[in-house]
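# Structural overview
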Amino acid sequence: MTNSETITDSVLDIEKIRRDFPILKTKVYGKPLIYLDNAATTQKPQPVLESLHNYYTHYNSNVHRGVHFLSQQATEAYEVARRKIAGYINARHEHEIIFTKGTTNGINLVAASFGKKFLKAGDEVLISAMEHHSNIVPWQLICEEKGATLKVIPIDEAGELKMDGFDELLTDKVKIVAVTYVSNSLGTVNPVHEIIQKAHAVNVPVLIDAAQAIQHMPIDIQQLDADFLAFSGHKIYGPTGVGILYGKEKWLNEMPPYEGGGDMIKNVTFAKTTYNELPFKFEAGTPDISGGIALGAAIDYVQHVGISAIQQAEEEVVAYAYDRLSAIPSLRFIGDAKHRSGAISFLVGNIHPFDLGEILDKQSIAVRTGHHCTQPVMDFFQIPGTVRASFAFYNTKAEVDALVDGIEKAKRMLE
Ligand code: PLP
């Protein structure tokens, strides 16, 4: 099964879809919520809420250890969710799907475990200048421990990767490349296929941070051929506290466990412990059972709507937003990549992003302001932060109009 869809190319019935997300009926300061902070976290559709409620109401029990009825039911539901996620990204094997706490946890797992086994003094890890802190700091930690060096693919003024810089940096010292598919602060979609092909041509594995990609576009992991791919459940309409690390079987088998504890062992004695098979080797302790099952429900929901239809609807609303925002005098975009998705970052005149964010908030418009956990990006553009509007398929053009009106109002107040 791949990204199978019931609605394929049609533009979505957004009003109908919005009814699936109860929170979208919320009023903020007495006005309807306009939620444009989807890159931080997405809202949850009814089936995800029901899945969580259903688990705790009817079959709450620990997984993988019990012979009793509820435990078997919970284990079955949890493993069905793993299967759905494997299907969604077209993984070759279900055991290549590791449940984590989220993207950050998945990247830390790879940095620590791959790094422990494969990095030594003098080696290099290659990331990019537009990474989220969670794809920088874990690598800094392991590089420091091992005496390896972190190298950074530069970006240009448009917020795109300088691919000639990548070619130059991809030397035989590089042991792993870790890049984001989509930038959370610039909205840039990176040429990850090309990066993976070039890295593989010199036998270097690649980790893709898919935190901002998995909810916006189809991902076929076999076609992409990434060695690792990490994402968070809460950014694809699932709950917080759960995420996925995909890893190719051959790497996961060679890598040591990240954490020790229950579930990840085959046999424990004080003299020696043997480890469980994949994926359990990397899943120590009681997992977020309800979260994993509800992530499966989120994947069902996305597949029911259709990821291609979602992509199309989002591209339309993002293009509309870009057009309307472009017409605001003194608004400048931060990041102007040709290929973009999800988020639009901007500044207006010399209004501080926090001030603009606060005035928008009072108009019930939720945007994010600040460095978006990408301080090196802000340093590159020599700015303190941006205002970021980030979109999901339930956002409407009317909401974009409200954003534009809100910015105009802020300009009148502050400029
Ligand atoms: N990577 C990117 C590109 C992100 O946008 C985020 C979150 O915004 C993360 C990683 C970290 O995700 P989480 O906090 O869910 O672990």
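Going along each chain's sequence as written, the residues are numbered from 1 onward. In keeping with the predicted nature of the model, local features appear solely for residues at pLDDT of at least 70, side-chain atom pairs appear and are counted solely at 80 or more, and the whole-chain, interface and lining totals rest on all residues. Water and hydrogen atoms were dropped before computing side-chain values, which therefore reflect all heavy atoms in the structure.

## A word on the pairing of strand E8 (residues 206-209)
Condition: Per-residue accessibility, obtained with a 1.4 Å probe over protein chains only, is compared with the maximum for each type, and a residue is labelled buried under 20%, exposed over 50%, and partly exposed between these values. Helix and strand labels come from DSSP, where a helix needs a run of H or I of at least four residues and a strand needs a run of E of at least two; each type is numbered from the N terminus. Strands are labelled as partners when DSSP assigns at least two bridges between them. When the strands point away from the viewer and the connection leading from the first strand across the helix to the second strand turns clockwise, the crossover is called right-handed.
In E8, alternate side chains face the same way, and those of Val206 and Ile208 on one face and Leu207 and Asp209 on the other are all buried. Bridge count between strand E7 (residues 174-180) and E8: four bridges; the pairing is parallel. Paired with Ala178 across the bridge in E8 is Leu207. Following the chain from E7 across helix H7 (residues 192-201) to the adjacent parallel E8, one finds a crossover that is right-handed. In the sheet, E8 pairs with strand E9 (residues 228-232) via three bridges, with the strands oriented parallel. For Leu207, the partnering residue across the bridge sits in E9 and is Phe228.

## Concerning the packing of aromatic side chains
To keep things clear, this is the line we draw: Note on ring pairs: Phe, Tyr and Trp rings are taken, using the six-membered ring of Trp, and paired if centres are within 6.5 Å. Classes follow the plane angle, with under 30 degrees stacked, over 60 edge-to-face and the rest tilted.
Tallied over the entire structure, the rule returns 16 aromatic pairs. For the pair Tyr237 and Tyr394, a centre-to-centre distance of 6.1 Å together with 75° between the ring planes defines the contact as edge-to-face. Placement of the pair is Tyr237 in the loop between E9 and strand E10 (243-247) and Tyr394 in the loop between strand E17 (386-390) and helix H14 (397-414), with a sequence separation of 157 residues. A relative accessible area of 0% places Tyr237 in the buried class. The rings of Phe21, Tyr237, Tyr301, Phe393 and Tyr394 are connected pair by pair, giving a single aromatic cluster.

## With respect to the packing of helix H11 (residues 307-326) against H14
Filter applied, for reference: Interaxial angles span 0 to 180 degrees and are taken between N-to-C directions of axes, which are lines fitted to C-alpha atoms, for helices over the stretch in contact. With respect to orientation, any angle under 35 degrees is reported as roughly parallel, any angle over 145 as roughly antiparallel, any angle of 65 to 115 as roughly perpendicular, and every other angle as oblique. By the definition used in this description, the sense in which the near helix is turned from the far one sets the handedness, with an anticlockwise turn below a right angle giving left-handed and a clockwise turn giving right-handed. Any two residues whose heavy atoms approach within 4.5 Å at even a single point are treated as in contact. Polar here means any residue outside two lists: the nonpolar Ala, Val, Leu, Ile, Met, Phe, Trp, Tyr, Cys and Pro, and the charged Asp, Glu, Lys and Arg; Gly therefore counts as polar.
Where H11 contacts H14, the axes come no closer than 10 Å and their chain directions differ by 25°. Viewed along their axes, H11 and H14 adopt a mutual orientation that is roughly parallel. The handedness of the crossing between H11 and H14 is right-handed. Here H11 contributes Glu316, Val317, Tyr320, Ala321, Arg324 and Leu325 to the contact with H14, which in turn contributes Lys397, Val400, Asp401, Leu403, Val404 and Ile407. In the contact of H11 with H14, the residues fall into eight nonpolar, no polar and four charged.

## A few points about the sheet that holds E8
With respect to topology, seven strands assemble into an open sheet ordered E4-E10-E9-E8-E7-E5-E6, the strand pairing being mixed. Lying at the two open borders of the sheet, with one neighbouring strand each, are strand E4 (97-100) and strand E6 (149-153). On average, each strand axis in the sheet is tilted by 20° relative to the strand beside it, whichever way the strands run. Of the pairings in the sheet, the one linking strand E5 (residues 124-128) to E6 comprises five bridges and is parallel in character. By the bridge assignment, Ser128 is partnered in E6 with Ile153. Sheet strands touched by helix H4 (residues 103-118): E4, E7, E8, E9 and E10. Its angle to E9, the strand with the most contacts, is close to 155°.

## Brief notes about empty space enclosed by the protein
What counts is decided by this rule: The way it works is a 1 Å grid over only the protein atoms, where trapped points that fit a 1.4 Å probe form a cavity and open points with protein on both sides within 12 Å along at least five of seven lines form a pocket, and then any residue with an atom within 4 Å of a point lines it. Grid points are joined across faces, edges and corners, and a volume is the space filled by probe spheres set on the points.
For the structure on display, the rule yields one cavity of 30 Å³ or more. Taken as a whole, the largest cavity holds about 50 Å³ of empty space. Forming the boundary of the largest cavity are Asn38, Ala39, Val182, Ser183, Asn184, Gln212, His216, Ser341, Gly342, Ala343, Ser390 and Phe391. Counted by class, the lining of the largest cavity contains four nonpolar, eight polar and no charged residues.

## Describing the domain arrangement of the protein chain
The figure often quoted for interface size is the accessible area lost as the parts come together. Heads up, the rule is: Segmentation into domains, and thus their bounds, comes from an automatic or database assignment. Put simply, buried area is the surface a 1.4 Å probe can reach on two separate parts but cannot reach once they are joined, added for both. What counts as a salt bridge is simple: a side-chain nitrogen of Lys or Arg found within 4 Å of a carboxyl oxygen of Asp or Glu. N or O atoms closer than or at 3.5 Å make up a polar contact, with two conditions inside protein: a donor-capable atom paired with an acceptor-capable one, and, for residues adjacent in sequence, both atoms drawn from side chains.
Domains assigned within the protein chain are domain 1 (14-44 + 307-414) and domain 2 (49-304). Look at where the C-alpha atoms of domain 1 and domain 2 centre, and you get two points 28 Å apart. Facing the 41 residues of domain 1 at the interface are 35 residues of domain 2. Carbon and sulfur atoms make up 56% of the area that domain 1 and domain 2 hide from each other, which totals about 3,000 Å². Counting every contact that joins domain 1 to domain 2 gives one salt bridge. Two residues, Lys338 and Glu160, come together in a salt bridge whose shortest N-O distance is 3.5 Å. Run the count over domain 1 and domain 2 and you get 23 residue pairs in polar contact (both at pLDDT 80 or more).

## Side note on the site of the ligand
Put simply, the rule is: For this description, a residue counts as near a given molecule or strand if any of its non-hydrogen atoms is within 4 Å of it.
Close to the ligand lie 13 residues; Thr104, Asp209, Gln212, Ser232 and Lys235 are nearest. Within the contact set of the ligand, an oxygen atom lies 3.4 Å away from a backbone nitrogen or oxygen of Thr103. One nitrogen or oxygen atom from the side chain of Gln212 is found 2.7 Å from an oxygen atom belonging to the ligand. Each residue belonging to the shell around the ligand can be placed in one class, and the counts come to two nonpolar, nine polar and two charged.

## Topic: the sheet that holds strand E16 (residues 368-370)
Within the open sheet, the four strands sit side by side as E13-E14-E17-E16. Their pairing is antiparallel. Each of the sheet's edge strands pairs with one partner strand only, and the pair in question is strand E13 (331-333) and E16. The sheet shows a mean angle of 35° between the axes of neighbouring strands, direction not considered. Summarising the sheet, E13 and strand E14 (residues 343-348) pair through three bridges and their orientation is antiparallel. The residue bridging Leu331 from the neighbouring strand is Val348, located in E14. Its contacts with the sheet put H11 on E13 and E14, and the angle it makes with E14 is roughly 10°. Lying over the sheet, helix H12 (residues 353-362) contacts E14, E16 and E17, oriented at roughly 160° with respect to E16.

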